[in-house]
Amino acid sequence: MPTVKIFFVTDLHGSEICWKKFLNAGAFYKADVVILGGDVTGKAMVPIVQHADGSWEASLQDHRDTLQTEAELQEFETRVMNRGYYPIRVSDEEYRAMQEDADLVDKRFKEVMLDGTARWLDMAEDKLAGKGIRVIACPANDDMFEIDDQLAHATLVETGDEDHPIDLDGFTMVSMGWTNPTPWHTFREEEEPELAVRIQRALTAVTDPSTTIFNFHAPPYGSKLDNAPALNEDLTYKSGGQALRPVGSTSVRDAVKSFQPLLSLHGHIHESKGAARIGSTLALNPGSSYEEGILQAAVVNIDMKKRKVKNYQLVNG
Amino acid sequence: MATVTGEGPTLFLRKATGLVKGWSKFDAFLYSFMSVNFVTLGLFFALAVLGYVPTGQVLPALLVSGIFVTFLVVTYAGLISVMPRAGGDYVWQSRVLGGGVAFVLAVTGWWFILWYWTPVYATILNVEVLQPLAAVFKWNGMLTWLGTKNGLFVVCIVTALLAGFLVSLGMEGYAKVQKYCFYLGMGALAFIMLVMLLGSRAGFQSSFDSESTRLFGAAPGAYQATIDLAGGASALPAKIGFSPFLGDSLLLIPFLCFWILWPNWGATLYGEVRGASDFKRVMSGMMYGLWVTIAVAVVFLLLASKFFGWNFFNAGNVNFINYFYGYTTDPGPAKVWTYPPLMVGFFFKNSLVSAIIVLLFGAWFLGWAGTLFLSSTRVIFAAAFDRILPERVADVSEKRHVPVMALVLMLVPSLIVSAFYAYWLTFRTFILDATLVIAVTFFGTAIAATILPWRKKHLYENSAIARYKVAGIPLISISGFLTALFLGFNLYKWLWPPFNSDSSNLYAINVPKSLYFMGGMYLLALVIYLIAKFYRKSQGIELKAIYQEIPVE
């Protein structure tokens, strides 16, 4: 095999249409391996509330729908899942109870995220078993820890994290779903000094930069792969969203600079699609438009013999 | 299934990255308002040429333009809502019309023609800030020099460097500057409008006469001499009015586009679109930017008619424009443009007051100058990420986060074009090329929006605007079509008949040299695209793969 072709996406956040495209991308781009870098699960649940008269009511994108038939319900649920949200059918009473009890919401979130991930893993199995395309999906800061086990026990889909590097035909991919702190205090974030220690620990598994690939969710600080709209204290945009600032990780930047892997794959900052050279390392962030059902991705050809990135392309499938 | 817009069962959100709470409508308004910049583009390049269509009426022309630009706003807000992080015309067109067409239209409209905008910005700096200051302080040597070709070219260099510096500040830093400029500029505008409301025309006439004599050594009666130089009252628009019969007023619209076509400038939505409310918020920001500007302009024009006199207002403008483009050698008794804030300053017969007014109005320029290179930088980056341009053009300096190569690609050609503008008077008259090329880009986007619901059905139906229809037709298709119609009208007026060698025609850009200049830009864009296509193919990269949609099932 003279080259290995990697199809890399990130931040699907539960978008069912993007996951389906992801599973088809290997054949479409003739890739050897398809990688979902991190942030597998969705961020929102859309309640479909059943009223006493048997009708259902739900709201999506500020449009309120009254649903009467099972077909209408299913069509609505598909639209919800394609945007990366989880539809939940609830009664009036359940809906009101959830509005008043955060624990109930958390419990339901956990259920739907695990169910959703399980369904995705089954879809991968159905679609790609025996096709010779490797599928890798890694958790990142927005994924609760419970999905790690699910991914680890999947039959077709492989996973990796900072303690479990993945062999890619002679190359080693080190994954790091943890990020520097965000304003949202998500599952896997820590201050830069601790993150640096975690990265160093992960790098003990690799010695040769020319055969190492980073799959670090947080982009390097100041790399132009990490420009996000600046926010006010109350999480509203500063200056109408026009004011951008680098929000990547300095630990990731330092690790890329000092270790100089062949390739460094990132995500996390959906708006900051791009490519950057950090020393001899090619760093990529394909960005994400999961809500629109657009699968933003990086297609990378690696020359196995020369241990070089032969070419790459950022695509919008 | 019944659908209505409004409150229903609400989403349950968990803690997750990127879940922001929206942005202030005022901020969205501010960027739009500063782009449809009444003082810089409006006063000089649009409202100063009314005298060229003496039988036209500006108020109905402005109203009609505003109505049609409203459709442009709806179209852009719709596209932003469908593809929020796309980064504008380039990606929208790429997805719908194809990569080659999109590249050519986007780089010409958002990059190459911005080279010509550098001297346009410089001219504004010159005639609205530097020359008035030199005039009120009687720095006659400086005033004369600023009016020379060398003087203009040096101002172009200063402007390009200033715009580059503002880009290097980063958008966050510049956004603060822009906000302060907005408040200062609006305060100054409110002040002069108050003076124009309360002051009398006789008082202004007397002040203008005496200040013209004091500052420029003009003979007594400068006010009347200004009108006479423009051909007298019979050659000028008779009075400001509002006729429902448009007639020749339509001829003013292609001039007004130079100013009024940009409420969507830099309109980018970041973050995650929850729904129709985001579409409405984006749209209302631009809409207020457009219509507040039009309201300000209408009030200002009525006050100008009352305070300066409509004949004088247009005569001063025509005299200076004729002089600036080399049609005449006499700028009028006042040796500078009769810039309305300066004229109001004359009313006080005090150099310091005039200078303060001029400087405060300089905020309109400063809050606008940073936009010169920002959009170009974005397009250059997007083309580099698509591998059409070399990767290096998207390099950002590590220390200051400045897009060095992108700035070079803007600065160097800008200075070359500036030299042509400064030293070749005919080239200056191609001023409307600067709008035409961007209008062509917008035209492409309007077409893309019109056919989007059919060409990219999934994408459209997954968006918040899919529910907005008029008589069963998608709203974005209707607004896109009407926008294309409006732009098509202007393109027809600007270009027809093509290759007309009579340089006295109204818009002065359908002459061969102007067409060669614009055609050269399109050719350059096409050549770059074709070279990239074949070069990347030799590397095993197919450019068409960038926007190929992966099958879902």
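Preceding this section is the structure that the text describes.
What counts, and at which threshold
- Residues numbered from 1 in each chain as written.
- Chains lettered and ligands numbered in written order.
- Predicted model: local features only at pLDDT ≥ 70, side-chain atom pairs only at ≥ 80, totals over all residues.
- Heavy atoms only, no water.
- Helix = DSSP H or I, 4+ residues; strand = E, 2+ residues; numbered from the N terminus.
- Rg over C-alpha atoms; globule rule 2.2 N^0.38 Å.
- Buried < 20%, exposed > 50% of the residue type's maximum accessible area, 1.4 Å probe, protein only.
- Contact = heavy atoms within 4.5 Å.
- Pairing = 2+ DSSP bridges.
- Axes fitted to C-alpha atoms, helices over the stretch in contact; angles between N-to-C directions.
- Parallel < 35°, antiparallel > 145°, perpendicular 65-115°, else oblique.
- Left-handed = near helix turned anticlockwise from the far one by under 90°.
- Nonpolar A, V, L, I, M, F, W, Y, C, P; charged D, E, K, R; others polar.
- Buried area = accessible area lost by both parts, 1.4 Å probe.
- Polar contact = N/O pair within 3.5 Å; in protein donor to acceptor, adjacent residues only side chain to side chain.
- Phe/Tyr/Trp six-rings, centres within 6.5 Å; stacked < 30°, edge-to-face > 60°.
- Core = buried A, V, L, I, M, F, W, Y, C linked by side-chain atoms within 4.5 Å.
- Expected span 1.5 Å × (residues − 1).

(A) Inspection of the overall build of chain B at higher detail. If you tally the helices and strands in chain B, you get 21 helices and four strands. What you see for chain B is a C-alpha radius of gyration of 24 Å, in line with the 24 Å of a compact globule of 553 residues. When the backbone C-alpha atoms are referred to their principal axes, chain B occupies close to 85 × 55 × 50 Å. Considering chain B as a whole, with its 553 residues, one finds that 61% of them fall into the buried category. If you take every contact in chain B between residues at least 6 apart in sequence, the share linking residues at least 24 apart comes to 82%.

(B) Spotlight on the sheet that holds strand β1 (residues 3–9) of chain A. Strand order in the open sheet formed by six strands is β8-β7-β2-β1-β17-β18 (chain A), with mixed pairing between adjacent strands. Two strands in the sheet have a free side with no partner beyond their single neighbour: β8 (157–158) and β18 (308–316) of chain A.

(C) Quick peek at the packing of helix α13 (residues 340–347) of chain B against helix α14 (residues 351–369) of chain B. Residue and element names in this part refer to chain B. Where α13 contacts α14, the two axes come as close as 8 Å, and the packing angle between them is 160°. Relative to α14, the element α13 lies roughly antiparallel. When the axes of α13 and α14 are compared, the crossing they make is right-handed. For the pair formed by α13 and α14, the contact residues are Pro341, Leu342, Gly345 and Phe346 on the first element and Ser354, Ile357, Val358 and Phe361 on the second. For the contact of α13 with α14, the residue count by class is six nonpolar, two polar and no charged.

(D) Representation of the sheet that holds strand β15 (residues 274–278) of chain A within the structure. All names here are of chain A. Spatially, six strands are ordered β9-β10-β11-β14-β16-β15 in an open sheet, and the strand pairing comes out mixed. Whereas interior strands pair on both sides, the edge strands pair on one side only; in this sheet they are β9 (166–168) and β15. Averaged over neighbouring strand pairs, the angle between their axes works out to 25° when direction is ignored. Bridge count between strand β14 (residues 263–265) and strand β16 (residues 281–285): three bridges; the pairing is parallel. Bridge pairing in β16 links Ser264 to Ala283. Relative to strand β10 (residues 171–176), helix α6 (residues 192–203) is tilted by about 155°, and along the sheet it contacts β10 and β11 (212–216).

(E) Representation of the interface of chain A and chain B. If you look at the interface, chain A gives 89 residues, while chain B gives 75 residues. Taken together, both faces of the contact between chain A and chain B bury some 7,300 Å²; the carbon and sulfur share is 52%. Counting the surface chain A buries against chain B, the share from its top three residues, His63(A), Tyr237(A) and Gln242(A), is 11%. Applying the counting rule to chain A against chain B returns 25 residue pairs in polar contact (both at pLDDT 80 or more). Among the elements that line the side of chain A that touches chain B, the one with the most residues is helix α1 (residues 16–29) of chain A, at seven residues. Partitioning the side of chain A that touches chain B into residue classes produces 38 nonpolar, 28 polar and 23 charged. Where strand β3 (residues 44–50) of chain A meets strand β2 (residues 12–13) of chain B, two bridges bridge the pair, whose relative direction is antiparallel. From the neighbouring strand, Met45(A) faces β2(B), where its bridge partner is Phe12(B).

(F) Structural view of the packing of aromatic side chains. Residue and element names in this part refer to chain B. Enumeration over the complete set of coordinates arrives at 77 aromatic pairs over all chains. Ring centres of Trp110 and Trp265 lie 4.5 Å apart, and the angle between their planes is 45°; on these two criteria the pair is classed as tilted. Highlighted residues: Trp110 in helix α5 (residues 99–112) and Trp265 in the loop between α11 (253–260) and α12 (276–324), separated in sequence by 155 residues. We note that Trp110, like Trp265, is buried. Taking the centre distance of 6.3 Å and the plane angle of 55° together, the rings of Phe324 and Tyr421 count as tilted. Here Tyr421 lies in helix α16 (residues 404–423) and Phe324 lies in helix α12, a separation of 97 residues in the sequence.

(G) Spatial organisation of the nonpolar core. Ranked by size, the top nonpolar core spans 229 residues in total, and within it Leu263(A), Tyr116(B), Trp117(B) and Trp259(B) carry the most contacts. With 22 residues, α12(B) is the largest single contributor of residues to this core. With sequence-adjacent residues up to four places away left out, Trp259(B) is seen in contact with Val36(B), Asn37(B), Phe38(B), Leu41(B), Gly42(B), Ala46(B), Leu47(B), Leu62(B), Thr293(B) and Ala297(B). Of all hydrophobic cores here, the second largest spans 47 residues; its members include Met45(A), Leu121(A), Tyr290(A) and Val552(B).

(H) Representation of helix α9 (residues 201–216) of chain B within the structure. With 16 residues, α9(B) ought to run about 22 Å at 1.5 Å a step, and its terminal C-alpha atoms sit 21 Å apart, in line with that. Burial in α9(B) covers these residues: Phe204(B), Ser207(B), Phe208(B), Asp209(B), Glu211(B), Ser212(B), Leu215(B) and Phe216(B).

(I) Quick look at unusual backbone geometry. Cis geometry is adopted by the peptide bond preceding Pro497(B), which originates at Trp496(B) and carries an omega value of -5°. You can see Pro497(B) is positioned in the loop between α20 (475–495) and α21 (512–538). A positive phi angle, near 60°, is found at Asp39(A), a position not held by glycine. Take Asp39(A): it is sitting in the loop between β2 (33–36) and β3.

Just distances and angles here, no functional claims.
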